[in-house]
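# Coordinate inspection notes
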Amino acid sequence: MNFRIFQLRSLKTKITFFTLAVFLISIWSLALYASRVLREDMQRVMGEQQFSIASILASEVNQQLDDRLTALGQVAQSITPAMLGNTAAMQALLDQRPVLQGMFNGGTFTTRADGVATASLPLSAGRFGVNYSDRDYVATVLREGRPTIGKPVQSKVLNAAVFVMAVPIRDAQSRVIGVLAGVIDLSRPNFLERMTLSRYGQSGVYLIAAPQHGLFVTSSDKSRVMRPLPASGANLMHDKYAQGYEGYGVLVNFRGEEEITAAKG
């Protein structure tokens, strides 16, 4: 009789423990599922929000670049072959265009068809007579006759990293006879820096990159300014962005930290 009671109690204990185990497993599974769904939902919401902000900033950058290229183009149209060969006349023309000095914190300059600078503002930059034919922004304009934004580089005359926007100067037959260029000094306050002054939340940063040149141009995190992009294959999300993907995703930054990021061209 006692043996039967013991067996009955043992069976009840097993059933109780089995039921409890099933219950706990169900709770843990539900918690794990809820946690994963919540994480994915938070990533989606934050990613969409970041992409929206990135799109607004990208639109503003595009507008600022277009405005500067347009201003350079309008001034270039007023330059004649006779003026281009007259340093005093070219200096006077640049002096009379203060709007360009407001747009280009590194100054402006003109070159002949051989890439040699014929006039420059400010004069203290010392560009007169310097040959820029090896710079992509001058070479491309002279070769292809189209407005160009150059690769960020170390300036030949300024002790700073710069990028240059350039447009063709043409004669009456529309032949390219020179270049008008505007310089953005990345070491001084500029229109790109104004867009990246603040941070996104407490730890987020804004970055402007030139994937065709493999560089971060500027950032609210100054340690990333002029820093190379990750090597191809080192970060799949960066590779997608560099190849033109517009959207958001999760990546691991150069510090080994996981980040939600968004990019807009």
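Notes on the structure follow. All values derive from a computational prediction rather than experimental measurement.

What follows is about the pattern of salt bridges. Applying the stated criterion across every chain yields a total of seven salt bridges. Close ionic contact of Arg44 with Glu48 constitutes a salt bridge, the shortest N to O distance being 3.5 Å. Within this pair, Arg44 and its partner Glu48 are both found in helix α1 (residues 2-77), separated by four residues, close to a single helical turn. A salt bridge links Asp114 to Arg112, with the nearest nitrogen and oxygen atoms 2.8 Å apart. Taking the relative accessible area as the measure of exposure, Asp114 reaches 38% and is therefore partly exposed. For Arg112, a relative accessible area of 36% corresponds to the partly exposed category.

A ring pair, where both rings are aromatic, is described by two values, the distance of the centres and the angle of the planes. Inspection of the entire model under this criterion finds two aromatic pairs. With 6.0 Å between their ring centres and 20° between their planes, Tyr241 and Tyr245 make a pair best called stacked. Of note, Lys240 hangs over the ring of Tyr245, and the distance from its end group to the ring centre comes to 4.2 Å.

The omega torsion of the bond from Leu121 to Pro122 falls at -5°, within 30 degrees of zero and hence cis. Structurally, Pro122 is set in the loop between β2 (117-121) and α5 (136-144). Look at Ser174: it is not a glycine, yet its phi comes out positive at around 65°. Considering the arrangement of structural elements, one finds Ser174 in the loop between β5 (161-170) and β6 (176-185).

We now examine the environment of Val250. Counting through the fold element by element, Val250 comes out in strand β9 (residues 247-252). Take Val250: its relative accessible area is 31%, and that puts it in the partly exposed class. Here the alpha-carbon distance between Val250 and Gly47, two residues 203 residues apart in the chain, equals 8.8 Å. Dropping the residues within four chain positions of it, Val250 is found in contact with Gln43, Met237, Glu258, Glu259 and Ile260.

Attention shifts here to the nonpolar core. In this structure, Phe163 and Leu180 are the most contacted members of the largest nonpolar core, which totals 32 residues. Looking at this core, the elements that each hand over two or more residues are α1, α3 (87-95), α4 (98-103), β2, β5, β6, α6 (191-195) and β7 (207-210). In this structure Leu180 touches Leu72, Val75, Ala76, Leu94, Phe109, Thr110, Met165, Ala166, Val167 and Ile169, once residues within four positions along its chain are discounted. Val153, Leu158, Val179 and Val183 belong to the second-largest nonpolar core, a separate cluster that totals 15 residues.

Quick notes on the rules
- Residues numbered from 1 in each chain as written.
- Predicted model: local features only at pLDDT ≥ 70, side-chain atom pairs only at ≥ 80, totals over all residues.
- Heavy atoms only, no water.
- Salt bridge = Lys/Arg side-chain N within 4 Å of Asp/Glu carboxyl O.
- Helix = DSSP H or I, 4+ residues; strand = E, 2+ residues; numbered from the N terminus.
- Buried < 20%, exposed > 50% of the residue type's maximum accessible area, 1.4 Å probe, protein only.
- Phe/Tyr/Trp six-rings, centres within 6.5 Å; stacked < 30°, edge-to-face > 60°.
- Lys NZ or Arg CZ within 6 Å of the ring centre and 35° of its normal.
- Contact = heavy atoms within 4.5 Å.
- Core = buried A, V, L, I, M, F, W, Y, C linked by side-chain atoms within 4.5 Å.

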